[in-house]
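# Analysis of the macromolecular model
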Amino acid sequence: SQTIHQWPATLVQPVGSPLSLECTVEGTSNPNLYWYRQAAGRGLQLLFYSVGIGQISSEVPQNLSASRPQDRQFILSSKKLLLSDSGFYLCAWSVGEGWEKLFFGSGTQLSVL
Amino acid sequence: GNSVTQMEGPVTLSEEAFLTINCTYTATGYPSLFWYVQYPGEGLQLLLKATKADDKGSNKGFEATYRKETTSFHLEKGSVQVSDSAVYFCALSPTDSWGKFQFGAGTQVVVTP
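Presented here is a report on the structure given in the accompanying data block. (Residues numbered from 1 in each chain as written. Chains lettered and ligands numbered in written order. Predicted model: local features only at pLDDT ≥ 70, side-chain atom pairs only at ≥ 80, totals over all residues. Heavy atoms only, no water.)

## Topic: the overall build of chain A
To keep it simple, the criterion reads: Here a helix means four or more residues in a row that DSSP labels H or I, a strand means two or more in a row labelled E, and each is numbered from the N terminus. Note on method: radius of gyration uses C-alpha positions; expected globular size equals 2.2 Å times residues raised to 0.38. Only protein chains enter the accessibility calculation, which uses a 1.4 Å probe. A residue is then buried if its area is under 20% of the maximum for its type, exposed if over 50%, and partly exposed in between. Residue contacts are defined here by distance: any two heavy atoms, one from each residue, within 4.5 Å place the two residues in contact.
Helix and strand counts for chain A come out as zero helices and eleven strands. Scanning chain A from its N terminus toward the C terminus, one meets helices and strands in the order β-β-β-β-β-β-β-β-β-β-β. Computed over its C-alpha atoms, the radius of gyration of chain A comes to 13 Å, within 12% of the 13 Å expected for a compact globule of 113 residues. In terms of its C-alpha atoms, chain A occupies a principal-axis envelope of roughly 40 × 25 × 25 Å. With 113 residues in all, chain A has 48% of them scored as buried. When contacts within chain A are restricted to residue pairs at least 6 apart in sequence, long-range pairs at least 24 apart make up 55% of them.

Right, dumping it as structure tokens:
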């Protein structure tokens, strides 16, 4: 069966520090991978989307970047965090046609202080 | 662009009451439509989906009908339980941006005994 791992679960970082959140998927090949952010009191915002290794689509101009060094690995990064980067970050994957459902990781609660 | 608008919460109901959560969308073509649910302390999971006009998605007593003419996908349940307390997200997967799911802001539902 397929599983998705996302870590860490919580993270507290000072403003200006770097960020690296990692997500890996098991049990499937060539998944579509996503990073979403859920800010307090707001819905899910699609940040990045990837259909394959090295292929990243950025949905929102921001302080973050994403990379996909391996087929089932998706990394969210920042060189210098801002206060506005605080939020709940979710990794997700899907396969097949665009109507297939998303499978979400357990999320990372990031607090930038 | 593509977007999803859903009613604001929180929605507070008594057990066995009827629940409706309105959702409307803007998209080109014929997107697939979804309802995701986030129970307290858990990750998002798919509740139901509909892939074409007039389709009805159903699961766990919840139903939603894909209405192309009103661009709506309202979620309904005839008799809610305390265990239905959660945040509900309406989402779409557009046909012109395959796999790029767009989510609404979420509606918190609180069911009291």
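The rest of the description comes next.
## Details of the state of the cysteines
Under the convention used in this document: Two cysteine sulfur atoms form a disulfide, by the criterion used here, when they sit within 2.5 Å.
All chains considered together, the criterion is met by two disulfides over all chains. Residue Cys23(A) pairs covalently with Cys91(A) via a disulfide, S to S 2.0 Å. On the sign convention where negative means left-handed, the S-S torsion of about -75° between Cys23(A) and Cys91(A) marks this disulfide as left-handed. On the criterion of sequence distance, the pair formed by Cys23(A) in strand E3 (residues 19–26) and Cys91(A) in strand E9 (residues 87–94) is long-range, its members being 68 residues apart. The pair Cys23(A) / Cys91(A) is uniform in exposure class, with both members buried. A sulfur-sulfur distance of 1.9 Å marks the disulfide that ties Cys23(B) to Cys90(B). One quick way to see it: the torsion about the S-S bond of Cys23(B) and Cys90(B) is about -70°, and its sign makes the bridge left-handed. Here Cys23(B) is found in strand E4 (residues 23–26), whereas its partner Cys90(B) is found in strand E10 (residues 86–93), with 67 residues between them in sequence. A relative accessible area of 1% places Cys90(B) in the buried class.

## Description of the environment of Val110(B)
Residues and elements named next belong to chain B. If you trace the backbone, valine 110 turns up in strand E12 (residues 107–112). Overall, the relative accessible area of 29% leaves valine 110 in the partly exposed class. Between the C-alpha atoms of valine 110 and valine 87, which are 23 residues apart in sequence, the distance is 8.8 Å. Residues in contact with valine 110, not counting those within four places in the same chain, are Val11, Thr12, Leu13 and Ser85.

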